[in-house]
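# Commentary on secondary and tertiary structure
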Amino acid sequence: MQAKDIFNLVMFYLVWWGTVWAASRQQQVLLWAMAIVFLAVHLGWVARRSLDKEIPLLVVVTVLGSLGDYLFSRLGLFEFTGGFPVWIPMVWLYFAATLRWSFRTALFKRWICFAAFFAGPLSYATCIRWDLISYEAPVVPRWIAHGFIWVAWIFVLRRMVGKIDARSAQQNRSIILNLKMD
């Protein structure tokens, strides 16, 4: 792991926990400040040389993850306290920012599906503890369903990141070929 990857991972966990904590205490200014600082550091340092690949990935994952959470809340998988919150797109943005960096290697390992089955729902369990979401009874079948949703989501994310990287590799090969021709 490179320094940028380690920094990306540490920053992700700090802003994820900070966002959930700030949301539970209705600290809107802190929520937005963390999002702005995270995005500035991520785009300005970590992903600086690949913004053409990073920005579309951030947008697509943030939108799809947020829409998925909205849909699952409307279908009754879980319920947000006080309507759809602003912090949900923020944590999806933070998660998206790890996919090509600190989580990249893990994303393509077989064990990640097993980990996602448990870690996905457990991240929402933290939000239950701080009264940000709730699961209606029966909880266990809902958590199992949520785990399978996360496994499916990992396959989608793998494909997205793989396509971005393949397109990038193809562009790099054509640049090299053009340089050789000159």
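See the structure above.
Structural notes, computed from the coordinates. Computed from a predicted structure; not experimentally measured. (Residues numbered from 1 in each chain as written. Predicted model: local features only at pLDDT ≥ 70, side-chain atom pairs only at ≥ 80, totals over all residues. Heavy atoms only, no water.)

## Considering the side chain of Thr19
Short version of the rule: Here a helix means four or more residues in a row that DSSP labels H or I, a strand means two or more in a row labelled E, and each is numbered from the N terminus. Under the scheme applied here, a residue whose accessible area is under 20% of the maximum for its type counts as buried, over 50% as exposed, and between as partly exposed, the area being computed with a 1.4 Å probe on protein chains only. Residues are treated as being in contact if the distance between any of their heavy atoms lies within 4.5 Å.
Within the secondary structure layout, Thr19 lies in helix H1 (residues 3-24). The exposure class of Thr19 is buried, given its relative accessible area of 0%. The residues touching Thr19, leaving out its near neighbours within four places in the chain, are Leu31, Met34, Trp87, Met90, Val91 and Tyr94.

## Here we look at the packing of aromatic side chains
The cut-off we apply is this: For Phe, Tyr and Trp, where Trp contributes only its six-membered ring, two rings pair if their centres lie within 6.5 Å, and the inter-plane angle classes them as stacked under 30 degrees, edge-to-face over 60, or tilted in between.
Enumeration according to the criterion identifies 22 aromatic pairs in this entry. Taken together, a centroid distance of 6.0 Å and an interplanar angle of 80° make the contact between Trp17 and Trp130 edge-to-face. On the criterion of sequence distance, the pair formed by Trp17 in helix H1 and Trp130 in the loop between helix H6 (111-129) and strand S2 (133-134) is long-range, its members being 113 residues apart. Judged by relative accessible area, which is 41%, Trp17 ranks as partly exposed. For Trp130, a relative accessible area of 26% translates into the label partly exposed. Arranged with centres 5.5 Å apart and planes meeting at 10°, the rings of Trp92 and Trp150 form a pair that is stacked. One end of the pair, Trp92, is in helix H4 (residues 87-96); the other, Trp150, is in helix H7 (residues 139-181), and 58 residues separate them in sequence.

## Let's talk about the pattern of salt bridges
Pairing of side chains with opposite charge becomes possible as their charged atoms draw close. What counts, and what does not: Each reported salt bridge corresponds to a side-chain nitrogen of Lys or Arg within 4 Å of a carboxyl oxygen of Asp or Glu.
In total, this model carries 2 salt bridges according to the counting rule given. For Asp52, the salt bridge goes to Lys53, with nearest N and O atoms at 3.8 Å. A residue is classified by how much of its surface remains accessible, and Lys53, at 12% relative accessible area, is buried. Between Glu54 and Arg100 there is a salt bridge; the shortest N-O distance is 2.9 Å. Of this pair, Glu54 sits in helix H3 (residues 51-74) while Arg100 sits in the loop between H4 and helix H5 (104-107), and the two are 46 residues apart along the sequence. Here Glu54 matches Arg100 in class, with each residue buried.

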